[in-house]
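# Structural overview for review
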Amino acid sequence: MSTLLIYYSEDEQIRDLCKNTYGHNTDTFEIREYFDRSPAYVKTIGSYLAITGKNTAIEKNKPDLQQYDTIIIASPIWAQNPAPAVNAFLRANNLKSKEVIGLLFSGGGSLAFANDVLRKRILLAGGICKSVVTIPKKSLIENNMSVVSLALQKAA
Ligand SMILES: Cc1cc2nc3c(=O)[nH]c(=O)nc-3n(C[C@H](O)[C@H](O)[C@H](O)COP(=O)(O)O)c2cc1C
């Protein structure tokens, strides 16, 4: 079984864990904002775009999803919602007939709303949403485990 981890994060430690995730037949794809964003921008405009469910400009390259059986799409929670870059990705890519697991990185706040929103966006992109799981940033970093193994374990 081949798995693709598609991730977005503004956090360097999380990005490193995603980039270096290991596992049999596992690849990664990073969603990148087209413009560099300052922490102040993320806190203000980033939160506003997240709350209103909007996109931000992302780089145009796309992964070849056909090669994979399972897609994991990972986003931080911003103001109780998935990040705008992940919205942009889900609106620009067709996940038709793909089994998709949503993965949310949280700061420890309430999760149910973001969980629901990500599930709906995965379905709107055509994916078959197997599950949406949340991992608090703290336990992700303390565990130092493969992000893909953790997500698959939680989704099982
Ligand atoms: C603008 C902003 C808003 C956030 N809002 C929430 C929130 O509503 N709930 C929560 O649990 N964590 C929240 N967090 C924490 C992040 O979800 C958490 O730190 C995540 O693991 C890493 O986020 P990052 O990739 O944007 O750095 C927020 C972080 C940022 C930067």
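All values reported here derive from a predicted model rather than from experimental measurement.

### As for the pairing of strand E6 (residues 128-136)
Pairing between strand E5 (residues 99-106) and E6: 8 bridges, direction parallel. In the sheet register, Val-100 faces E6, and the bridge partner there is Cys-129. In this region the chain leaves E5, passes through helix H4 (residues 112-124) and returns to the parallel neighbour E6; the handedness of that crossover is right-handed.

### Digging into the nonpolar core
The biggest cluster of nonpolar side chains holds 29 residues, and the ones touching the most others in it are Ile-6, Ile-31, Ile-73, Phe-89 and Leu-90. For this core, the secondary-structure elements that each account for two or more residues are strand E1 (3-7), helix H2 (39-51), strand E3 (70-78), helix H3 (84-92), E5, H4 and E6. Here this core gets 5 residues from one element, more than from any other, and that element is H3. With residues up to four places along the chain from it excluded, the contact list for Phe-89 reads Ile-6, Phe-29, Ile-31, Ile-58, Pro-63 and Ile-73. The next biggest cluster of nonpolar side chains, apart from the first, holds 18 residues, and it includes Leu-5, Ile-72, Ile-101 and Leu-140.

### Quick word on the site of the ligand
In the vicinity of the ligand lie 18 residues, with Ser-9, Ile-77, Trp-78, Gln-80 and Gly-109 positioned nearest. A distance of 2.9 Å is found between an oxygen atom of the ligand and a backbone nitrogen or oxygen belonging to Glu-10. Bound to the protein, the ligand loses 79% of the 600 Å² it would expose on its own. Listed by contribution, the elements that provide at least two residues to the shell around the ligand are H2, E3 and E5. Residue composition of the shell around the ligand, by class: 7 nonpolar, 7 polar and 4 charged.

### Quick look at H2
When the terminal C-alpha atoms of H2 are compared, their 17 Å separation across 13 residues agrees well with the 18 Å that a helix rising 1.5 Å per residue should span. Ile-45 marks the point of greatest bend in H2, at about 30°. Residues Val-42, Gly-46, Ser-47, Leu-49 and Ala-50 constitute the buried set of H2. Directly beyond the C-terminal end of H2, a positive phi value near 75° is found at Gly-53.

### Observations concerning the pattern of salt bridges
Applying the stated criterion across every chain yields a total of 5 salt bridges. For Asp-11, the salt bridge is made with Lys-137, and the minimal N-O distance between the two is 2.5 Å. In this pair, Asp-11 sits in the loop between E1 and helix H1 (12-19) while Lys-137 sits in helix H5 (residues 137-143), placing the two residues 126 residues apart along the sequence. Salt-bridge contacts for Glu-30 lead to Arg-32; the nearest nitrogen and oxygen are separated by 3.4 Å. The network of salt bridges with common partners includes Arg-15, Glu-30 and Arg-32.

### Brief notes about unusual backbone geometry
Not every positive phi belongs to a glycine, and Gln-80 is a case in point at roughly 65°. The residue Gln-80 is located in the loop between E3 and strand E4 (81-82) in this model. Given the relative accessible area of 43%, Gln-80 is considered partly exposed. Unlike most non-glycine residues, Ser-97 shows phi in positive territory, near 65°. Inspection of the secondary structure puts Ser-97 in the loop between H3 and E5. Ser-97 gets classed as exposed once you look at its relative accessible area, which sits at 58%.

Reading the values: rules and limits
All residue numbers here refer to positions counted from 1 along the written sequence of the relevant chain. Side-chain atom pairs in this predicted model are given and counted only at pLDDT of 80 or more, local residue features only at pLDDT of at least 70, and totals for whole chains, interfaces and linings cover all residues. To get the side-chain values, all heavy atoms of the structure are used, and hydrogens and water are removed first. Between any two strands, pairing holds if DSSP finds at least two bridges. Secondary structure follows DSSP: runs of H or I at least 4 residues long count as helices, runs of E at least 2 residues long count as strands, and numbering of each begins at the N terminus. The handedness rule is simple: strands pointing away from the viewer, and a clockwise path from the first strand over the helix to the second, make the crossover right-handed. Only buried residues count toward a nonpolar core. Its members are Ala, Val, Leu, Ile, Met, Phe, Trp, Tyr and Cys residues joined through side-chain atoms within 4.5 Å. The buried label applies to any residue whose accessible area, calculated with a 1.4 Å probe on protein chains only, is under 20% of its type's maximum; exposed applies above 50%, and partly exposed to all values in between. Throughout, a residue-residue contact means that at least one pair of heavy atoms, one from each residue, lies within 4.5 Å. Each residue is tested against the molecule or strand, and it is near if at least one of its non-hydrogen atoms lies within 4 Å. For this analysis, a polar contact is any N or O atom pair within 3.5 Å, provided that within protein one partner can donate a hydrogen and the other can accept it, and provided that sequence-adjacent residues contribute only side-chain to side-chain pairs. Working definition of accessibility: Shrake-Rupley area with a 1.4 Å probe, residue cover restricted to the visible protein chains. Only Asp, Glu, Lys and Arg are considered charged in this grouping, and only Ala, Val, Leu, Ile, Met, Phe, Trp, Tyr, Cys and Pro are considered nonpolar; every other residue, Gly among them, is considered polar. What a helix is expected to span follows from its residue count: subtract one and scale by 1.5 Å. Bend is the name given here to the angle between axes fitted to two runs of seven residues, the run ending at a residue and the run starting at it. Criterion for a salt bridge: a side-chain nitrogen of Lys or Arg within 4 Å of a carboxyl oxygen of Asp or Glu.

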